[in-house]
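So the chains spell out like this:
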Amino acid sequence: MIRLEGLSKTFGAYKAVDGLNLEVRPGEIFGFLGPNGAGKTTTVKMMTGLLKPSAGRVLVGGRDMAADPIAAKRAMGLVPDEPFVYPKLTGAEYLRFVGELYGVPLSDMRKRVPELLEMFELTPWGGELLESYSHGMRQKLVLAGILLHDPKILVLDEPMVGLDPKSGRLVKDIFIRLAERGTAIFMCTHVLEIAEKLCHRIGIMIGGKMIACGSIEELRAASAAKQEGRDLESIFLSLTGGAEYSALLKYL
Ligand SMILES: Nc1ncnc2c1ncn2[C@@H]1O[C@H](COP(=O)(O)OP(=O)(O)O)[C@@H](O)[C@H]1O
Ligand SMILES: [Mg+2]
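Residues numbered from 1 in each chain as written. Chains lettered and ligands numbered in written order. Predicted model: local features only at pLDDT ≥ 70, side-chain atom pairs only at ≥ 80, totals over all residues.

## What to know about the packing of helix 3 (residues 91-101) against helix 5 (residues 135-149)
Right, on to step 1. Close contact between helix 3 and helix 5 brings their axes to 9 Å; oriented N to C, the two are set at 35°. The two elements helix 3 and helix 5 cross, and the hand of that crossing is right-handed. The segment helix 3 lies against helix 5, with Gly 91, Tyr 94, Leu 95, Val 98 and Gly 99 engaging Leu 141, Ala 144, Gly 145, Leu 148 and His 149. (Axes fitted to C-alpha atoms, helices over the stretch in contact; angles between N-to-C directions. Helix = DSSP H or I, 4+ residues; strand = E, 2+ residues; numbered from the N terminus. Left-handed = near helix turned anticlockwise from the far one by under 90°. Contact = placed C-beta atoms within 7 Å.)

## Digging into the site of ligand 1
Right, on to step 1. In the region of ligand 1, the neighbouring residues are Phe 11, Ala 16, Gly 34, Asn 36, Gly 37, Ala 38, Gly 39, Lys 40, Thr 41 and Thr 42.
Right, on to step 2. Within the shell around ligand 1, the residues separate by chemical class into three nonpolar, six polar and one charged. (Near = placed C-beta within 6 Å. Nonpolar A, V, L, I, M, F, W, Y, C, P; charged D, E, K, R; others polar.)

## Quick notes on helix 9 (residues 232-239)
Right, on to step 1. For helix 9, every residue scored as buried is listed here: Leu 232, Ile 235, Phe 236 and Leu 239. For helix 9, the arc enclosing every buried residue in end-on projection is 95°, short of the 170-degree limit, so these residues lie on one face.
Right, on to step 2. Next to the buried residues of helix 9 lie strand 3 (29-33), helix 7 (192-198), strand 9 (201-206), strand 10 (209-214) and helix 8 (216-222).
Right, on to step 3. Downstream of helix 9 by a residue or two, Gly 241 has a phi angle that is positive, lying close to 70°. (Buried ≥ 20, exposed ≤ 12 C-beta atoms within 10 Å, placed from the backbone. Arc of directions from axis to C-beta.)

## Structural notes on helix 1 (residues 40-47)
Right, on to step 1. Extensive coverage of helix 1 is indicated by the burial of eight of its eight residues.
Right, on to step 2. Among all positions of helix 1, only Lys 40, Thr 41, Thr 42, Thr 43, Val 44, Lys 45, Met 46 and Met 47 are buried.
Right, on to step 3. Immediately downstream of helix 1, the backbone of Gly 49 shows phi near 80°, a positive value.

Given below as structure tokens:
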């Protein structure tokens, strides 16, 4: 569903993303992990056509993002790291706007907009301007907009940031259901518990390169110490060289 071929981005002399190859299949939840500055958001921006790659290409459902951007984008939904919404629209207006953009029939919208507001517990705020929404409320509204047009490919950059525990749980269950229905999900996250419980495969990015990619079991086998039962946190720290973090405490 999503295919990255030799995807690279340089800013000046700096290689933010360096020759990334990846395929995400239908029904797969792929977790993209890595320290701050690793190049995750830059990858997401190139995948979704917001940033032009310096080299390589992005295929979305077989469509080339550079050659056929409208068709490629039509097939996908994006939750960006900053949930941008027009401040002078109300929640319900935003959803109708997104629906129109993606050609959702009006009769579907009349039914789905109230349902989705209800689902994300936004009904009381459906008529309020988005400038009054918190980060978490905007995040949920963007997700509601995506469910409205129900794409087969979903790209999310830190979707759990700002969500309260109940909303976080709801969103996790939504991802699982969508994947069961065949949606391909690519998700950047720092929440290792989510990566561990939700993701079928995990890629770890450092300095623009994917240094490891596979199931938890495969990553465990690849990481330095291979004791049984090691959690993703230890695997992640061992693969990213973060295990020496305790040295940083000397500045305390
Ligand atoms: N527009 C830009 N101009 C210059 N450098 C950038 C730009 N966007 C990102 N970078 C650099 O690219 C690197 C990767 O950034 P980013 O993809 O946001 O990382 P992540 O999302 O993994 O934290 C960082 O070093 C960042 O400073
Ligand atoms: Mg980022």
